[in-house]
Amino acid sequence: MHSNFSPFNNEEDLRAENNFLKMKLMLEQGATFGEVGNNTIPAAIEHEFLQSIINFEKQAENETQIKVYDKIGRPDHFKSVEDIAEADIPLAWEQLSNHLLTYGISLEVCSPNISVKELYRFTLEELFEEEVEDISIPGLTQCFIYDIFYPDIVFENTRIAKEECLEFMLEKMPMQWTHHFRKENLQLNNHYSLCLTEFIKKINQFKNAYDELNIDEIKETVCIVNEKESWVTGTYKVKATSDKECYLLNGKWKVVFEKDDYLGYWFIRGVIIEGIDF
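Residues numbered from 1 in each chain as written. Predicted model: local features only at pLDDT ≥ 70, side-chain atom pairs only at ≥ 80, totals over all residues. Heavy atoms only, no water.

A. How the structure looks around the side chain of serine 106. Within the secondary structure layout, serine 106 lies in strand β2 (residues 105-108). You can call serine 106 buried: its relative accessible area is 7%. If we skip the residues at most four places from it in the chain, serine 106 touches Leu101, Thr141, Gln142, Cys143 and Phe144. (Helix = DSSP H or I, 4+ residues; strand = E, 2+ residues; numbered from the N terminus. Buried < 20%, exposed > 50% of the residue type's maximum accessible area, 1.4 Å probe, protein only. Contact = heavy atoms within 4.5 Å.)

B. Highlighting the nonpolar core. Counting residues in hydrophobic clusters, the biggest one holds 34 residues, and the most contacted among them are Met169, Val271 and Ile273. Broken down by secondary-structure element, the contributors of at least two residues to this core are α7 (153-170), β5 (186-188), α8 (196-208), β7 (212-225), β8 (229-242), β9 (245-260) and β10 (265-273). Per-element tally for this core: the top contributor is α7, with six residues. For isoleucine 273, the residues in contact, after removing those within four places along its chain, are Leu166, Met169, Leu170, Asn189, Tyr236, Lys252, Trp253 and Phe278. In terms of nonpolar packing, the next biggest core, distinct from the first, is built from 23 residues, Ile66, Val68, Val81 and Leu119 among them. (Core = buried A, V, L, I, M, F, W, Y, C linked by side-chain atoms within 4.5 Å.)

C. Seen up close, the packing of helix α4 (residues 89-102) against helix α5 (residues 116-125). Running from N to C, α4 and α5 point in directions that differ by 45 degrees, and their axes come no closer than 9 Å. Classified by the angle their axes make, α4 and α5 are oblique. The element α4 and its partner α5 pack so that their crossing is left-handed. Across from Ile89, Pro90, Ala92, Trp93, Leu96 and Leu100 in α4, the residues of α5 making contact are Val116, Lys117, Leu119, Tyr120, Thr123 and Leu124. (Axes fitted to C-alpha atoms, helices over the stretch in contact; angles between N-to-C directions. Parallel < 35°, antiparallel > 145°, perpendicular 65-115°, else oblique. Left-handed = near helix turned anticlockwise from the far one by under 90°.)

D. Spotlight on the packing of aromatic side chains. Enumeration according to the criterion identifies eleven aromatic pairs in this entry. The interplanar angle of 70 degrees and the centroid separation of 5.4 Å between the aromatic rings of phenylalanine 206 and phenylalanine 278 together place this pair among those described as edge-to-face. Here phenylalanine 278 lies in the segment after β10 and phenylalanine 206 lies in helix α8, a separation of 72 residues in the sequence. Summarising the burial analysis for this pair, phenylalanine 206 and phenylalanine 278 share the class buried. Chaining the aromatic ring pairs together yields one cluster made of Phe122, Phe144, Tyr146, Phe149 and Tyr150. (Phe/Tyr/Trp six-rings, centres within 6.5 Å; stacked < 30°, edge-to-face > 60°.)

E. Geometry of unusual backbone geometry. Residue arginine 74 is not a glycine yet carries a positive backbone phi of 50 degrees. Structurally, the position occupied by arginine 74 is in the loop between α3 (68-71) and α4. Positive phi, normally seen in glycine, also occurs at lysine 244, with a value near 65 degrees. Mapping lysine 244 onto the fold places it in the loop between β8 and β9. A residue is classified by how much of its surface remains accessible, and lysine 244, at 83% relative accessible area, is exposed.

As structure tokens, then:
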């Protein structure tokens, strides 16, 4: 007696159901799905993924807000930060963080200047009162960023000045990313009142004068933050090559920020780099 059971047929049945689910999501939710060559994703994994999307959409239709404290089971065993010995703070934060993750909540931080003690305090005293969507999907984590609540302007402006300004200006690749720059009234060395297009054009003209540009180092020395103005200073070294001749470009740099009161965001308004004639 032969069995009618066939793993191949079960796989094909599951793929047929997956195609039906994808069509349903496309028609009802406007979803799009890219092509994966030769159906390399196992049907069972794809099916689980599609079901999670459908589950999410169903819960989102009846979206409600809930406090973080309620979502994580209203725990009452976490001590206030003042009642924990300094030596025990790291373990207390690890336990609190793990508890949050159990319920699909996480707290991340960008600045290295924020202590675990502050993260623990912030979670108990402030994060617990924040509201999130009352959605529970296996594997879904709703993430909070500490820096959004308490920006570390010194850290952030220093990072932007080095990584998203100086590096973009001194590498060989044409400059394109200008998210942090004002659109007009920019300064570049002794050039003033430049629009962003003119600013980029001068930088790319400098890049095009060399066959290669290799950054050796970009160091910061200080970041000053006032009420509406901030500036970061430092030094740089770049090896530039033109017609097989190697040149060392180096000197001091300064990146000036101005705060947009309406947006609450710090935009770059000027860049001065010694040793380069833009």
